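# Coordinate analysis (summary)
Each chain, letter by letter, is given below.
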Amino acid sequence: MKAYKTLQGFVIEYQNQYFLSRHQDWDLFINREDLFYELQREIQLLSPVPEYKSLIDNSLQAPIQSQEVWASGVTYMRSRDARMEESKKAGGDNFYDRVYDAERPELFFKSTPHRVVGSGQKVRIRKDSKWNVPEPELTLFINSKGQISGYTCGNDMSSRDIEGENPLYLPQAKSYDKSTAIGPCITILDEPIISETQIKLEIIRYDLPYFTDFIAINRMKRKHTELVEFLFRETSFPHGCFLMTGTGIVPPDDFTLEVGDEIRITIEGIGTLVNTVETK
Ligand code: DO4
Ligand code: MG
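Residues numbered from 1 in each chain as written. Chains lettered and ligands numbered in written order. Predicted model: local features only at pLDDT ≥ 70, side-chain atom pairs only at ≥ 80, totals over all residues. Heavy atoms only, no water.

### Describing the overall build of the protein
Broken down by element type, the protein carries eight helices and 17 strands. What you see for the protein is a C-alpha radius of gyration of 18 Å, in line with the 19 Å of a compact globule of 280 residues. If one aligns the C-alpha atoms of the protein with their principal axes, the spans along those axes are about 60 × 45 × 30 Å. Burial statistics for the protein: of 280 residues in total, 55% are counted as buried. (Helix = DSSP H or I, 4+ residues; strand = E, 2+ residues; numbered from the N terminus. Rg over C-alpha atoms; globule rule 2.2 N^0.38 Å. Buried < 20%, exposed > 50% of the residue type's maximum accessible area, 1.4 Å probe, protein only.)

Following this line, the structure appears as structure tokens:
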């Protein structure tokens, strides 16, 4: 079951049928316990209309209202190795090595809703950075009770030169306007997402494929529930929250994003998050 936030309302997709929810408030709509069964009950009272699909095509929004976006880091070996390399000169490499093996995961605050864009909208690279990458990440939607009830595609845009200069610059490398993309929808399941699920990153430059890579989510070092347990230990989220689960794909060191690049992040069972890099 998929839930899309559009300018005309909330569209529920189930078994290739499209329903328009009567709910008006996204926070209340997605933060219900047992969301999968709630939505199943809700669509029994609604009629499917094929034209509701055009709302998704024409007026899609990021699937967020008041939620914070958090992120986990160094959850895949590829990310650990890339960070160790980029921060070696600054003497920061050993922190990444240690956090990969530590009991406590790296969790950081990524974005308030107004810095988030949805599929079809533009992401940004910082004016004061020369080395920028997308980070394609399975992103959890966790309700206010701490239950994982949905999944979306996420892009944790990152300035690698700023982060590599000093790990204490992480918030500047990661949190700036339009540095976070999520979407196109929230996939709501009645059981955890399957561990073989693949994440695909494609970067299109001048209408041609420029970089492509894949990773399965079972290559992640930590469990989703472990990340959520740490995040919710001492922090409450009245409307639920999003948690990016870290990247397992890092383009080669000579790659940097350019204005006009199209970034496509596809996760099986969810869909494709598409964003173009806008003028600095
Ligand atoms: O420690 C830096 C950030 C790591 C990160 O964002 C990732 O691994 O995805
Ligand atoms: Mg990341």
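Alright, that's what it looks like, and here's the rest.
### Thoughts on the site of ligand 1
Looking at ligand 1, there are 16 residues lining it, with Val74, Ser79, Glu106, Lys174 and Thr247 nearest. Val74 is positioned such that a nitrogen or oxygen atom in its backbone is 2.8 Å from an oxygen atom of ligand 1. One of the side-chain N or O atoms of Glu106 is found 2.8 Å from an oxygen atom in ligand 1. Starting from 280 Å² of accessible surface for ligand 1 in isolation, the protein chains cover 99%. Those elements that provide at least two residues to the shell around ligand 1 are β4 (68-73), α4 (77-86), β5 (106-111) and α7 (170-174). Residues that form the shell around ligand 1 fall into these classes: four nonpolar, five polar and seven charged. (Near = heavy atom within 4 Å. Polar contact = N/O pair within 3.5 Å; in protein donor to acceptor, adjacent residues only side chain to side chain. Areas by Shrake-Rupley, 256 points an atom, 1.4 Å probe, with all protein chains shown as cover. Nonpolar A, V, L, I, M, F, W, Y, C, P; charged D, E, K, R; others polar.)

### Regarding the pairing of strand β12 (residues 180-188)
In terms of residue burial, β12 counts as a mostly covered element, since nine of its nine residues are buried. Of the pairings in the sheet, the one linking strand β1 (residues 2-6) to β12 comprises two bridges and is antiparallel in character. Pairing of Lys2 across the sheet is with Thr187, part of β12. Bridging between strand β6 (residues 116-117) and β12 involves two bridges; their strand directions are parallel. What sits directly across from Val117, in β12, is Ala181. (Pairing = 2+ DSSP bridges.)

### Description of the coordination of the magnesium ion (ligand 2)
Ligation of the magnesium ion (ligand 2) by protein atoms is provided by Glu135 (OE), Glu137 (OE) and Asp156 (OD), these donors lying 2.0 to 2.1 Å from the ion. Each donor residue of the magnesium ion (ligand 2) lies on one chain, and together they are spaced E-x1-E-x18-D. Note on accessibility: Glu135 and Glu137 belong to one class, buried. (Donors = N, O, S within 2.8 Å, 3.2 Å for Na, K, Ca; no water.)

### Concerning the sheet that holds strand β14 (residues 208-216)
On the basis of which strands lie adjacent, the open sheet formed by five strands has the order β7-β17-β16-β13-β14 and mixed pairing. Because the sheet does not close on itself, it has two edges, and the strands there are β7 (122-123) and β14. Looking at chain direction, strand β13 (residues 198-205) and strand β16 (residues 262-267) are connected through six bridges and run antiparallel. Across the sheet, the residue bridging to Leu201 is Ile265, located in β16.

### Examining helix α3 (residues 52-59)
For α3, the set of buried residues is Leu55, Ile56 and Ser59. Buried residues along α3 cover an arc of 115° about the axis, so they all sit on one side. Turned more than 90 degrees away from the buried face of α3, the exposed residues are Asp57 and Asn58. As for α3, its buried residues are in contact with β1, β2 (9-14) and β3 (17-20). (Arc of directions from axis to C-beta. Contact = heavy atoms within 4.5 Å.)

### Regarding the packing of aromatic side chains
The description of an aromatic ring pair uses the distance of the two centres, along with the angle that the planes make with each other. In total, this model carries eleven aromatic pairs according to the counting rule given. Each ring, one from Phe211 and one from Phe255, has its centre 6.2 Å from the other, and the planes form 35°; the classification is tilted. You can see Phe211 sitting in strand β14 and its partner Phe255 sitting in the loop between β15 (241-244) and β16, a full 44 residues away along the chain. The residues Phe211 and Phe255 share a single accessibility class, namely buried. Across the ring face of Tyr210, the terminal group of Arg205 is positioned such that the distance to the ring centre comes to 4.0 Å. (Phe/Tyr/Trp six-rings, centres within 6.5 Å; stacked < 30°, edge-to-face > 60°. Lys NZ or Arg CZ within 6 Å of the ring centre and 35° of its normal.)

Scope: geometric values only; no functional claims are made or implied.
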